[in-house]
Every structure is written in C-alpha cells, then in structure tokens.
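# Observations on the model geometry
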Amino acid sequence: SQTIHQWPATLVQPVGSPLSLECTVEGTSNPNLYWYRQAAGRGLQLLFYSVGIGQISSEVPQNLSASRPQDRQFILSSKKLLLSDSGFYLCASRGTGGSYGYTFGSGTRLTVV
Amino acid sequence: RKEVEQDPGPFNVPEGATVAFNCTYSNSASQSFFWYRQDCRKEPKLLMSVYSSGNEDGRFTAQLNRASQYISLLIRDSKLSDSATYLCVVNQRTGGGNKLTFGTGTQLKVEL
C-alpha cells in the first residue's frame, strides 16, 4: 500500500516570505499526485495535479506553483506568500491499477502572518 | 452550481441512531465515487467506494444513482466514534490522469 510523507506538519510564515512544501510517496510507481488546500471551514480545493515527472496541471490561478522533479516527489512552492495562502495543504497520491488507491499525506497547516 | 454539493450539517444524532447523508454532482461524465471521512484537523481517509449496485461495509451503506447524479451514505447504529465530517468525492478522468473533486463535507456529531 502507498505511504505519503509530507512535511512540515505546521508552519508559520510572514507575508512575503517564500514557501516550499515537500511530499514523497512510497509503495507505488508512476502515481498521479495532487496538491489540495483546505481553508478554515471550507472544502478541499484542488490546486495542482501531476501525471508524471515534469508534468503539472494547475486548477486555479494563484500565487503558488508546483514541481515534480522525481517520480515520487511533489513540491509546492511560492516566491512570496499572501495572507490568503493560509490553510491546510494536503498531498495526495493515486497509484496505478484500480480506482481505490487515493491516499493523503498528514498535511501541513500553514499560517501566514 | 458547485460540482459536488452536500448539506454541511451538523447532524446531531443520539448513539444508536441511523443517519443518512446525500450528495449531488453536476458532471455526468464523472466515473467513480467515494465517501471519505475527515476527523478534525486531520487528513481525509477513504471510507468506501460507491457503486451503482449499492455496497455495504458493516454499518455503512453507500448508493449511487447515475440517472439522478445522486450519492448517499447510510450509517446504522451510530457510534460516538462516527463523529466526523463525511466528504462526498467524485473522480473524473482528465488529461490522461484522474481528478478528485470534493464536496465541502457533512458534519456528524453522535451524542450520548
């Protein structure tokens, strides 16, 4: 089964500072990878997804970017954080073979101050 | 119209009660469907997949009506530990990959 490692668990950053969140996946190869954000009291919003190395699709215009330098590594970045970037960021993976394999990392709770 | 709509609740029910959640989705091309459970300040975890024929896992029963674009989850004999937010999730194929779209969730509180 898949395991997703996501860090850090909690992050407090000042407005205008850069951001880098990393997600790595074990137990599968060539997974579809996703970054979701959940703002306080709201649903999960898909930010980016990737079907392979170097392939990134963005769902919404925003202050963030994503990269996939390796098959099982997915990075979420920002050059300058905004207050509105605060939220709970979740990395998810869907392995190959079957529709049941969506697994989430434990998330990063980001507060921009 | 939201892609996936759920009643946010909260549903406050006594222990042992039966409770039902409903969900509607707007994209008729959606391919697969799930219920996820999310505990407070935790990541979502897959509860069960949803099939047109209906499927049951212990006290939980899920149903899909493709014609009406409607998904349901029934929980029987509610336990305190069932208290959580239940997310209706729809999967679509797009650009060679798959994309999950989440409802905003229905909050359940099971009380003594």
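None of the values given here were measured: they were computed from a predicted structure. Each chain carries its own residue numbering, running from 1 in the direction its sequence is written. Each chain gets a letter, beginning with A, and each ligand a number, beginning with 1, in the order they are written. Confidence filtering applies because this is a predicted model: local features only for residues at pLDDT of at least 70, side-chain atom pairs given and counted only at 80 or more, and all residues used for totals across whole chains, interfaces and linings. Side-chain measures here rest on the full set of heavy atoms in the structure, leaving out hydrogens and waters.

## Description of the overall build of chain A
Regarding its fold elements, chain A presents zero helices and eleven strands. Going along the chain from the N terminus, every DSSP run of H or I of four or more residues is numbered as a helix, and every run of E of two or more is numbered as a strand. The helix and strand sequence of chain A, counted from the amino end, reads β-β-β-β-β-β-β-β-β-β-β. Expressed as lengths along the three principal axes of its C-alpha atoms, the size of chain A is roughly 40 × 25 × 20 Å. Any residue under 20% of the maximum accessible area for its type is buried, any over 50% is exposed, and the rest in between are partly exposed; the area is computed with a 1.4 Å probe on protein chains only. Per-residue burial over chain A gives 49% buried out of 113 residues. We call two residues in contact whenever any of their non-hydrogen atoms come within 4.5 Å of each other. Considering only contacts within chain A whose residues lie at least 6 apart along the sequence, 55% involve residues at least 24 apart. Per-residue and other accessible areas follow the Shrake-Rupley method at a 1.4 Å probe size, with only the shown protein chains counted as cover for residues. Split by element, the accessible area of chain A, about 5100 Å² in all, is 52% carbon and sulfur. Neither His nor the chain ends contribute to the count of charged residues, in which Lys and Arg are positive and Asp and Glu negative. The atoms used to mark charge sites are NZ of Lys, CZ of Arg, CG of Asp and CD of Glu. Put simply, chain A has 8 plus and 5 minus side-chain charges, and the middle of one group is 6 Å from the middle of the other.

## Focus on the state of the cysteines
When the sulfur atoms of two cysteines come within 2.5 Å, that pair is taken as a disulfide. The final tally for this structure, using the stated rule, is two disulfides over all chains. Each sulfur in the disulfide pair Cys 23 of chain A and Cys 91 of chain A lies 1.9 Å from the other. Disulfide Cys 23 of chain A to Cys 91 of chain A: torsion about the S-S bond roughly -65 degrees, handedness left-handed. Here Cys 91 of chain A lies in strand E9 (residues 87-94) and Cys 23 of chain A lies in strand E3 (residues 19-26), a separation of 68 residues in the sequence. In this model Cys 23 of chain B forms its disulfide with Cys 88 of chain B; the gap between the sulfur atoms is 1.9 Å.

## Points about the packing of aromatic side chains
Note on aromatic pairs: each is described by the distance of the centres and the angle between the planes. Centre distance within 6.5 Å is the pairing criterion for rings of Phe, Tyr and Trp, where only the six-membered ring of Trp is used; planes under 30 degrees apart are then read as stacked, over 60 as edge-to-face, and the remainder as tilted. Scanning the model with the defined rule gives 14 aromatic pairs over all chains in all. Between Phe 11 of chain B and Phe 21 of chain B, the aromatic rings sit 5.3 Å apart at their centres with planes inclined by 85 degrees, giving edge-to-face as the arrangement. Of this pair, Phe 11 of chain B sits in strand E2 (residues 11-14) while Phe 21 of chain B sits in strand E3 (residues 19-25), and the two are ten residues apart along the sequence. Put simply, the rings of Tyr 34, Tyr 36, Tyr 49, Tyr 102 and Phe 104 of chain A together with Phe 34, Tyr 36 and Phe 102 of chain B pair up and form one aromatic cluster.

## What about the sheet that holds E3 of chain A?
All names here are of chain A. Strand pairing is defined by DSSP finding a minimum of two bridges between the two strands. Spatially, four strands are ordered E1-E3-E8-E7 in an open sheet, and the strand pairing comes out antiparallel. Two strands bound the open sheet, and with one partner strand each, they are strand E1 (3-7) and strand E7 (65-70). Going across the sheet, the axis of each strand differs from the next one's by a mean of 20 degrees, ignoring polarity. Where E1 meets E3, five bridges bridge the pair, whose relative direction is antiparallel. If you follow Ile 4 over to E3, its bridge partner there is Val 25. Axes here mean lines fitted to C-alpha atoms, for a helix over just the part in contact, with angles spanning 0 to 180 degrees between N-to-C directions.

## A word on the pairing of strand E2 (residues 10-13) of chain A
Two faces, one strand: in a regular strand the side chains alternate between the faces of the sheet. All names here are of chain A. Only one face of E2 is buried, namely the one carrying Leu 11 and Gln 13, since none of Thr 10 and Val 12 on the opposite face is buried. Of the strand pairs in this sheet, E2 and strand E11 (residues 108-112) are connected by four bridges, and their pairing is parallel. Paired with Gln 13 across the two strands is Val 112, which belongs to E11.

## Brief notes about the pattern of salt bridges
The working definition used for a salt bridge is a side-chain nitrogen of Lys or Arg within 4 Å of a carboxyl oxygen of Asp or Glu. In this structure the tally under the stated criterion is seven salt bridges over all chains. For Arg 68 of chain A, the salt bridge identified is with Asp 71 of chain A, shortest N-O distance 3.3 Å. For Arg 37 of chain B, the salt bridge goes to Asp 39 of chain B, with nearest N and O atoms at 2.9 Å. The class for Asp 39 of chain B is partly exposed, based on a relative accessible area of 31%.

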